[in-house]
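# Coordinate analysis (summary)
Listed here are the chains, written in short residue letters.
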Amino acid sequence: MRAARIQPTGVERSFEDHEIIVTKTDLKGIITYANDVFLRLSAFGEEEVIGKPHNIIRHPDMPRAVFKLLWDTLGQGEEIFAYVVNMAGDGAAYWVLAHVTPSRDASGRVIGYHSSRRRPDRPAVDAVKRLYARLREEERRNDLNASWQLLQDELAGRGQTYEEFVWDLTLGATR
Amino acid sequence: MSDDILSIIEKVCTRVAAGDFENRVPKLGDDPQAEATRQAINRVLDVTDAFVRESGAALTAAADGRFHRQFLPRGMRGAYAHSAVTINRAADAMRVKVEEIEHAKAARFDLAGELESAVQSVSEQLATAATEMGATANGLSQFARDAVADAERGLGSVGALRDSSDQIRKAVSLITQIASQTRLLALNATIEAARAGEAGRGFSVVANEVKTLATETASSSESITNQVSTVQDSAKGAIRVLESVTESIRQMSELVDGIASAVDGNREPGQPGLSQLAEVLRAEVTRFVAKVRAD
Ligand SMILES: Cc1cc2nc3c(=O)[nH]c(=O)nc-3n(C[C@H](O)[C@H](O)[C@H](O)COP(=O)(O)O)c2cc1C
């Protein structure tokens with residue numbers, strides 16, 4: 001996979017306030033649609049991403065625990081807001097505030113997933129970076145279970161769910 | 001633009017118009033105008049898709065009371081952004097209403113709690129007071145009965161005193177009569193002794209003594225009669241007082257019985273006593289408070 005060959009360059013890019021990055025996936029997370037903003041930010045051509053797993057833009061700084069939370073939440077048929085850093089095809093990084101939701105057919109059955117991402121605010125990103133760095137460290141030294149536990153403890157310490165944590169940062173930063 | 005391309009666009013738009021947002025216009029070849037048109041249509045679909053997901057989720061969250069989850073207007077423009085703000089404002093108004101309701105509910109709970117503990121303490125005090133009053137009333141009744149009995153015994157004693165005074169008076173008048181006859185006899189004896197001369201001298205001394213004794217007896221009898229009269233007057237007064245005391249105690253006894261029946265309430269059916277009333281009040285308020293709490 002291409003993601004395995006690309007190395008982060010330390011370059012960070014961003015997008016406009018009025019733009020949203022959109023992708024759709026099937027139930028396994030295979031990309032079925034990507035909008036023009038996604039292609040611009042990720043520096044991929046359309047034919048390079050359609051049919052590929054979404055981890056094609058996975059950044060090594062992203063803790064696995066956050067993706068576990070994402071898939072657990074989607075598995076319960078619920079929406080999730082998450083701060084995510086992605087890595088473009090050219091090694092650049094870009095932070096997003098992702099809103100990932102199940103897509104349902106007329107009978108209410110989940111048939112795929114959808115993600116709309118907004119430009120996040122710097123203070124929120126800085127706060128999230130600190131938490132994610134600790135989770136990554138825990139994953140390097142131990143395993144996913146340990147970092148999952150650390151995430152739970154961290155949130156419990158704040159008396160928040162991940163959702164509340166994200167909204168606190170989001171509204172706190174834009175207010 | 002070729003008919004093929006237009007037909008593809010028509011199909012996608014028709015499906016999306018039917019509410020199926022999983023459709024997007026696929027790549028339409030190399031024509032830059034076709035690509036630009038495709039991107040423009042897909043942008044409309046993306047923003048509408050996002051708006052539909054966001055508005056539904058934001059309102060669901062508000063309905064669930066998760067007011068922190070808003071519709072972030074970022075990424076939306078024009079009417080989309082405006083509607084996002086409108087939805088947030090509606091959710092905020094809901095939040096304010098919910099808080100008001102919660103506030104009113106909390107106030108109602110507090111009031112109910114205060115009422116409950118007030119009634120609890122009133123009914124406890126009432127029950128205690130009723131018990132004490134009942135015991136006191138019973139004690140008073142017994143006391144009144146004893147007092148009436150004592151007074152009646154007193155009346156008997158004073159009556160007996162009056163009777164014996166009468167007998168004393170009769171005895172004394174008999175004595176008075178005897179004394180006056182004795183004085184008459186002594187007088188006659190003195191005369192007879194004088195007529196007997198020297199031989200009657202000794203007898204004359206005795207007769208004189210007897211006369212003096214009779215006179216003293218008569219005056220003693222009179223003083224006894226006077227004292228007996230005084231005793232009788234006193235006895236009459238004592239009887240009047242005792243009778244009025246007895247009457248007062250009888251009336252008091254009736255009042256005490258009235259208190260006892262108000263407290264116990266068991267004299268007449270359908271007339272609960274104080275303790276039962278306190279218990280009824282407490283039960284009613286408990287029921288009321290439970291209902292307030294359940295609402
Ligand atoms: C709709 C949707 C969008 C996703 N978007 C991203 C994304 O932008 N970046 C990312 O790293 N993972 C994204 N994921 C999660 C990936 O599927 C994957 O779980 C993640 O990259 C971790 O990959 P790994 O388990 O191979 O490390 C998305 C998943 C779904 C369902």
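Given the structure is predicted, the values throughout are model-derived calculations rather than measurements. (Residues numbered from 1 in each chain as written. Chains lettered and ligands numbered in written order. Predicted model: local features only at pLDDT ≥ 70, side-chain atom pairs only at ≥ 80, totals over all residues. Heavy atoms only, no water.)

## Regarding the packing of helix α3 (residues 78–195) of chain B against helix α4 (residues 201–264) of chain B
All names here are of chain B. In contact at an axis separation of 6 Å, α3 and α4 are set at 165° when each is read in the N-to-C sense. Here α3 is positioned roughly antiparallel relative to α4, judged by the angle of their axes. At the point where α3 passes α4, the crossing takes the left-handed sense. Residues of the contact of α3 with α4, tallied by class, amount to 37 nonpolar, 17 polar and nine charged. (Axes fitted to C-alpha atoms, helices over the stretch in contact; angles between N-to-C directions. Helix = DSSP H or I, 4+ residues; strand = E, 2+ residues; numbered from the N terminus. Parallel < 35°, antiparallel > 145°, perpendicular 65-115°, else oblique. Left-handed = near helix turned anticlockwise from the far one by under 90°. Nonpolar A, V, L, I, M, F, W, Y, C, P; charged D, E, K, R; others polar.)

## A word on the pairing of strand β3 (residues 80–87) of chain A
Residue and element names in this part refer to chain A. By the criterion of burial, β3 is predominantly enclosed, with eight of the eight residues buried. Burial along β3 is two-sided: the face carrying I80, A82, V84 and N86 and the face carrying F81, Y83, V85 and M87 are both buried. In the sheet, β3 pairs with strand β4 (residues 93–104) via eight bridges, with the strands oriented antiparallel. Paired with Y83 across the two strands is L97, which belongs to β4. Joining the antiparallel neighbours β3 and β4 is a turn of five residues, in which G91 adopts a positive phi near 90°. (Buried < 20%, exposed > 50% of the residue type's maximum accessible area, 1.4 Å probe, protein only. Pairing = 2+ DSSP bridges.)

## What about the site of the ligand?
All names here are of chain A. Near the ligand there are 15 residues, and of these N55, R58, W71, N86 and R117 occur at the shortest range. One nitrogen or oxygen atom from the side chain of N86 is found 2.6 Å from a nitrogen atom belonging to the ligand. Here R117 contributes a side-chain N or O atom positioned 3.0 Å from a nitrogen atom of the ligand. With the chains in place, 82% of the 610 Å² that the ligand exposes on its own is no longer accessible. Its atoms largely coinciding with the cavity grid, the ligand occupies the second largest pocket. Those elements giving two or more residues to the shell around the ligand turn out to be α4 (64–75) and β5 (110–118). (Near = heavy atom within 4 Å. Polar contact = N/O pair within 3.5 Å; in protein donor to acceptor, adjacent residues only side chain to side chain. Areas by Shrake-Rupley, 256 points an atom, 1.4 Å probe, with all protein chains shown as cover. 1 Å grid on protein atoms, 1.4 Å probe; cavity = no way out; pocket = protein on both sides within 12 Å on 5 of 7 lines; lining within 4 Å. Sits in = over half its atoms within 2 Å of the grid points.)

## Section: the packing of aromatic side chains
Following the criterion strictly, the structure yields six aromatic pairs over all chains and no others. When the centroid spacing of 4.9 Å and the interplanar angle of 65° are considered together, the rings of A:F81 and A:W167 count as edge-to-face. With a gap of 86 residues between them, A:F81 in strand β3 and A:W167 in helix α7 (residues 162–174) connect regions that are remote in the sequence. The pair formed by A:F81 and A:W167 is uniform in burial state, with each residue classed as buried. Three or more aromatic residues joined by ring pairs make a cluster, and in this case those are B:F51, B:F71 and B:Y80. A cation over a ring is seen here: A:K68 above A:W148, with NZ or CZ 4.6 Å from the ring centre. Over the face of the ring belonging to A:Y33 we find B:R24, whose NZ or CZ atom lies 5.1 Å from the ring centre. (Phe/Tyr/Trp six-rings, centres within 6.5 Å; stacked < 30°, edge-to-face > 60°. Lys NZ or Arg CZ within 6 Å of the ring centre and 35° of its normal.)

## Considering the sheet that holds β5(A)
Residues and elements named next belong to chain A. Spatial strand order, β2-β1-β5-β4-β3: five strands in an open sheet with antiparallel pairing. Two strands lie at the open edges of the sheet, namely β2 (31–34) and β3, each paired on one side alone. Going from strand to strand, the sheet's axes swing by 30° on average, the running direction of each strand aside. Judged from the five bridges that link them, strand β1 (residues 21–25) and β5 form a sheet pairing that is antiparallel. Note that in β5 the partner of I21 across the bridge is R117. Against the sheet, α4 contacts β3, β4 and β5, and its axis sits at roughly 20° relative to β4. (Contact = heavy atoms within 4.5 Å.)

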